[in-house]
Amino acid sequence: MLHLTSLLLIILINVVEAADMVSISVVGHTGPMIEGTWYELRCDVQKVAPDQLLTVRWYKGQTLLTDTSFNDSIKTPVDKSATYWIFANTTDDGAEYRCEAVLRQRQAGPQPPTTEMSEPLLVTVYCNCPVVLQPPAVVVEYGTSVSANCSTSKPHFGMAWEVPQGAVDLREDVQLITWNLSRLEDWDIKPLCYINIKNQTKPDKRHLPVIVYKTPDSVSISIVGHTGPVTEGTQYELQCDVQNVAPVHRLTVKWYKGQTLLTDTFFNDPTKTPVNQSATLQISPSRADDAADYWCEAELRLGPAAPQPPPTMKSDPLNITVYYAPQIVSRMNSVLVPILSDVSLNCSAEGNPEPTVMWSFKNQTIITGRRQSTLTISRATSADAGIYTCTATSLSWSQTREVKVEEDYRFLLISVFIIVFIIIFLIILVAYKKKRTRNYVRPMIEGTWYELRCDVQKVAPDPLLTVRWYKGQTLLTDTSFNDSIKTPVDKSATYWIFANTTDDGAEYRCEAVLRQRQAGPQPPTTKMSEPLLVTVYLYYSYILIYSSSSSSSSPSSSPSLLVCWVKGTMLHLTSLLLIILINVVEAADMVSISVVGHTGPMVEGTWYELRCDVQKVAPDQLLTVRWYKGQTLLTDTSFNDSIKTPVDKSATYWIFANTTDNGAEYRCEAVLRQRQAGPQPPTTEMSEPLLVTVYCNCPVVLQPPAVVVEYGTSVSANCSTSKSHFGMAWEVPQGAVDPQEGVQLITWNLSRLEDWDIKPLCYINIKNQTKPDKRHLPVIVYKTPDSVSISIVGHTGPVIEGTQYELQCDVQNVAPVHRLTVRWYKGQTLLTDTFFNDPTKTPVNQSATLQISPSRADDAADYWCEAELRLGPAAPQPPPTMKSDPLNITVYYAPQIVSRMNSVLVPIFSDVSLNCSAEGNPEPTVMWSFKNQTIITGRRQSTLTISRATSADAGIYTCTATSLSWSQTREVKVEEDYRFLLISVFIIVFIIIFLIILVAYKKKRTRNYVT
């Protein structure tokens, strides 16, 4: 919606992001190239946008070879790559390849730096010719020494260095000659080594690439055609002068503002002798650039054969002063001044040079200051009202801001309004002094005992009365009565609770139950109270920790514990403080075993240190680490530190390597000792086994040193020796190899292994020894399960919330059992692991169990188990696994009324809807009743509508939700509401008082009005 005189101009602008970095490399190759071979060059351009404006240009020296464009429509910065193939030739030896990223510019776009050049890639080409140069290329500073070798491996009639300085004459009796020059003074020297190879008609030749450079005499920066301060928004040209530098095409000028790199300038001049070179940069300073330092740096990019880092020289910094227009920073636009009070008007401005700030009123200057001016009006009257102007001036710039000062009558009006409001509120309060009885509980204090009381009114006979106490849906206890009173009486029962932060938000209820006699009538048997919502406050600081283990060696392990440290007390004298000291037990996150400072096979007769790492365990004084070799307990290590928070702990154990240990498995187990007062966390966590291979100094060598093989598949292993012998053989029930004398290696090869406990033995009858050398090959034979299944033990169909069930995972026909792990999952969450210690090596059926107590949150959850064979590093990776089908459970749980309505105020003759909804499984039936009469019934939700309510509709309405044997009730009190009538009276009185005030202050003030 624009005025007809407005003009809307929409300019489409492309966001152009210059490349962060450009680099060139050879794909899949490093080092010298081979003559006659194709090589792929790649140019990587990082963080450039949009890529459809990008072109990559390829150069060999100063010659443009080709370019590559991109047509993608991606607008955000991306990494792009272009490739180019070259055919290596000796003429390319010493050549430099470069790539350049160019962003094409559109007319509507801004002008970023358009090019970014890569560092040069120096190419060395090795040929099949006999001339070898070392080094293949030379970078040398003018006037310093240089040397290079020329060599050959072929017979020749003479070899020589042909070079203007330091030539080496033809020599026949050597295979290497050196060109050595103490002072190089030729800018374009091209040394040539040639060799007259026998049986060749012409000599073989090779040029040595030489780069001669000179660092600049000086580098300086200045503003072209300008001195002194610069003006904001004006364009200036910086110039960087580099004196007496060579070669120019390897020069890069880098521009900096402070420590920030702005851009680079490259040069294509092929001149090799020293010259004076200049680079320029356009800048448009802003006020943020005031006192900034600009400087430039000259760098010679001489390639990888040059000194590192590359030779550089910096200019002195050019510090600029920026003059900019003053800007008033005060944001005050108007001020309301109470009558006869003081007010201060402040105006401050920023600018360079420092601005003058002055206040004026009715075209009269009042006060002037530098950068800031404060105008104070004392005991303001209506004569002081009006427009005050602040003006900031500097050089030819100025800026103004107006502040409107007005009289303020609000304080008087607010005072009168408050007095009237208080009077009317007191009238309403007296008129509605009637109180409604509601459950009200002040916040409880953590760590304090409180007594709950359940009042049962007009009940008989009380010997049949029982009061039940609930926290949420959980039955806590019940109270019975033994009086013999037959007439209706009021009875009370009490129950003590100890306030804890876990109770915050909990709902306590009591239920009156009348046990029925056979001969008596059948009244309603139960009556439930309204819930009592408990809020628990902290009057002292505490730490609360709750931890549950992710893995357990026992399916029945309980969660870790709660602990509370009290650091102060603020309790009533009648309170009882009970502090239960409980140990914080944090099961280890992970347990692992390793060999300290060693990998690979062990050597017989050497000591090795094993280390067991236990991560995130607490408290460590309850930790014991047990060491096992196979199923045998070797020793244990205990800890005595007093650290309570989870830490990483390590224990070590030394072993002496022996050939009897070859193929042995070492494990460590973290055990958390339990105290009587503590809960029962998971007590153990076992590491993966460490398979030990021992090499001996005996001549028997097995390869591989250990074998893991699936039953019924092929297997092979070599036995070799380097010593003289009278025969070597494999002694094994399947695939035995008879003694052989004329060989140093024999192979045990079996196409189908069908022995679960096979122990192959290689023995060699070594010369000059009385008995043969022997060595067993460790073999682990395994079989994956036929099937894995999960079920609930002794139960089918839906489960009941809060009831304990046992899940069973059956793994059929698996071996070996001691390497089996059963993992339990709920959805995608790992619950725990079960390990087995049975040494049986043949296939068996194995079962694992897990105790669960489902909640309503577990309804429709999928439980499943997974069998995994942990066969060690020599086994297939990842380890063999098999999953069960998921077990989907349906959880039946008691209905819970989710509506929170306790009372309703209904204006006379208006409509009201009472809504009651409940959650439960199976779906609950919800019904409304009033005066013992059922009104409406629904599934999950029931809405009762009362039309044109009168006093006859007031009273207690009861919502009851039932499902199976469960039921829950909630009462809603409906009351008549006269508030609308009172509010109407209040509004009328307020309007009358407001009109009286308005007439009393009808005086008008003359103000400027702008149309």
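Quick notes on the rules
- Residues numbered from 1 in each chain as written.
- Predicted model: local features only at pLDDT ≥ 70, side-chain atom pairs only at ≥ 80, totals over all residues.
- Heavy atoms only, no water.
- Helix = DSSP H or I, 4+ residues; strand = E, 2+ residues; numbered from the N terminus.
- Buried < 20%, exposed > 50% of the residue type's maximum accessible area, 1.4 Å probe, protein only.
- Contact = heavy atoms within 4.5 Å.
- Pairing = 2+ DSSP bridges.
- Axes fitted to C-alpha atoms, helices over the stretch in contact; angles between N-to-C directions.
- Salt bridge = Lys/Arg side-chain N within 4 Å of Asp/Glu carboxyl O.
- Phe/Tyr/Trp six-rings, centres within 6.5 Å; stacked < 30°, edge-to-face > 60°.
- Lys NZ or Arg CZ within 6 Å of the ring centre and 35° of its normal.
- pLDDT = per-residue confidence, 0-100.
- Disulfide = S-S within 2.5 Å.
- Polar contact = N/O pair within 3.5 Å; in protein donor to acceptor, adjacent residues only side chain to side chain.

Undergrad: For the overall build of the protein, give the residues involved together with the corresponding values.
TA: Of the regular secondary structure elements, the protein holds two helices and 83 strands. For the protein, the residues scored as buried account for 40% of the 1011 residues in total. Once local pairs closer than 6 in sequence are excluded, the contacts in the protein between residues at least 24 apart make up 65%.

Undergrad: An account of the sheet that holds strand β20 (residues 218–223) is requested, with residue identities and associated values reported.
TA: Strand pairing in a sheet is mediated by backbone hydrogen bonds. Such pairs are either parallel or antiparallel. Taken in spatial order, the three strands make up an open sheet running β20-β22-β25, and their pairing is antiparallel. Looking at strand neighbours, the two that pair on one side only are β20 and β25 (275–283), the edges of this open sheet. Between one strand axis and the next, the sheet turns through 15 degrees on average, direction left out of account. Here strand β22 (residues 236–245) pairs with β25 via eight bridges, running antiparallel. In the strand pairing of β25, V245 is matched with V275.

Undergrad: Describe the environment of L54, with residues and values.
TA: Note that L54 resides in strand β4 (residues 54–60). Residue L54 is classed as buried on the basis of its relative accessible area, which comes to 0%. Setting aside residues no more than four positions away along its own chain, L54 makes contact with V45, V48, T68, S69, F70, K80, A101, V102, L103 and R104.

Undergrad: Residue-level account of the pattern of salt bridges, with values.
TA: Tallying each qualifying case throughout the model produces 27 salt bridges. For E354, the salt bridge is made with R370, and the minimal N-O distance between the two is 3.4 Å. You can see E354 sitting in the loop between β31 (343–352) and β32 (356–361) and its partner R370 sitting in strand β33 (residues 364–370), a full 16 residues away along the chain. The partner of K629 in a salt bridge is D661, and the shortest N-O contact between them spans 2.5 Å. With K629 in strand β51 (residues 623–629) and D661 in the loop between β53 (647–656) and β54 (665–672), the pair connects residues that are 32 residues apart, well separated along the chain.

Undergrad: Before we move on, can you summarise the packing of aromatic side chains with the specific residues and values?
TA: Scanning the entire structure with this criterion turns up 15 aromatic pairs. Consider the rings of F361 and Y388, whose centres lie 4.0 Å apart with planes at 5 degrees: the pair is stacked. Placement of F361 in strand β32 and of Y388 in strand β35 (residues 386–394) is noted, with a sequence separation of 27 residues between them. Relative accessible area serves as the criterion here: at 13%, F361 is assigned to the buried category. Taking relative accessible area as the criterion, Y388 reaches 3% and is therefore assigned buried. Through successive ring pairs, a cluster of aromatic residues spans F417, F421, F986 and F990. Stacked on the ring of Y59, the Lys or Arg R98 has its end atom at 5.5 Å from the ring centre. A cation over an aromatic ring shows up here: R509 above the ring of Y470, its NZ or CZ 5.4 Å from the ring centre.

Undergrad: So what's going on with the pairing of strand β50 (residues 607–617)? Residues and values would help.
TA: The sheet contact formed by strand β48 (residues 590–595) and β50 spans six bridges and is antiparallel. Note on β50: the bridge partner recorded for S592 is D613. Where β50 lies against β53, nine bridges are found, and the strand directions are antiparallel. Paired with W607 across the two strands is F656, which belongs to β53.

Undergrad: So what's going on with the environment of E141? Residues and values would help.
TA: Among the structural elements, E141 can be located in strand β12 (residues 138–141). C-alpha of E141 to C-alpha of I211: the two residues are 70 residues apart in sequence and 8.3 Å apart in space. Among all residues touching E141, those that are not within four sequence positions of it are Y213 and T215.

Undergrad: Mind laying out the confidence of the model for the protein, listing which residues take part and the relevant values?
TA: For the protein, per-residue confidence averages 81 on the pLDDT scale, and residues scoring 70 or more make up 86% of the total. Of the regions scoring below 50 in pLDDT, residues 1–16 engages in 14 contacts with residues more than four places distant in sequence or in other chains.

Undergrad: Residue-level account of the state of the cysteines, with values.
TA: Across all of its chains, the model carries nine disulfides by this definition. Bridging C454 to C510, the disulfide has an S-S length of 2.1 Å. Judged by the sign of its S-S torsion, about 75 degrees, the cystine formed by C454 and C510 is right-handed. Taken together, the residues C454 in strand β38 (residues 449–459) and C510 in strand β42 (residues 507–514) connect sequence positions 56 residues apart. The class for C454 is buried, based on a relative accessible area of 4%. Covalently, C612 is tied to C668 through a disulfide, its sulfur atoms 2.1 Å apart. Around the S-S axis, the bridge from C612 to C668 shows a dihedral of about 75 degrees and counts as right-handed.

Undergrad: I'd like to hear about the sheet that holds strand β13 (residues 146–151), residue by residue, with values.
TA: Strand order in the open sheet formed by three strands is β11-β13-β16, with antiparallel pairing between adjacent strands. The outermost strands of the open sheet, each flanked by one partner alone, are β11 (132–134) and β16 (176–181). Recorded for the sheet is a direction-independent mean angle of 20 degrees between the axes of neighbouring strands. One ladder, built from three bridges, connects β11 with β13; its direction is antiparallel. Opposite V132, over in β13, you have S151 as the bridge partner.

Undergrad: So what's going on with the side chain of Q968? Residues and values would help.
TA: Mapped onto the elements, Q968 comes out in strand β83 (residues 966–977). Polar contacts involving the side chain of Q968 include one to the main-chain amide nitrogen of I897, which spans 2.7 Å.

Undergrad: A description of the side chain of N662 should follow, citing residues and the corresponding values.
TA: Locating N662 in the fold gives a position in the loop between β53 and β54. Once you skip the residues sitting within four places of it in the chain, N662 turns out to touch V692, T693, V694, P705, R775, H776 and P778.

Undergrad: Now, about unusual backbone geometry: what can you tell me, with residues and values included?
TA: A246 connects to P247 through a cis peptide bond whose omega is -15 degrees. Checked against the element boundaries, P247 lands in the loop between β22 and β23 (251–257). Here the bond from N352 into P353 is cis, since omega is 0 degrees, no more than 30 degrees from zero. By the element assignment, P353 lies in the loop between β31 and β32.

Undergrad: Any details on the environment of V168? Residues and values, ideally.
TA: Relative to the assigned elements, V168 resides in strand β15 (residues 168–171). Owing to a relative accessible area of 18%, V168 belongs among the buried residues under this scheme. Spatially, the C-alpha atom of V168 lies 9.1 Å from that of C193, the residues being 25 residues apart in sequence. Not counting chain neighbours up to four residues away, the residues in contact with V168 comprise A160, W161, I177, T178 and W179.

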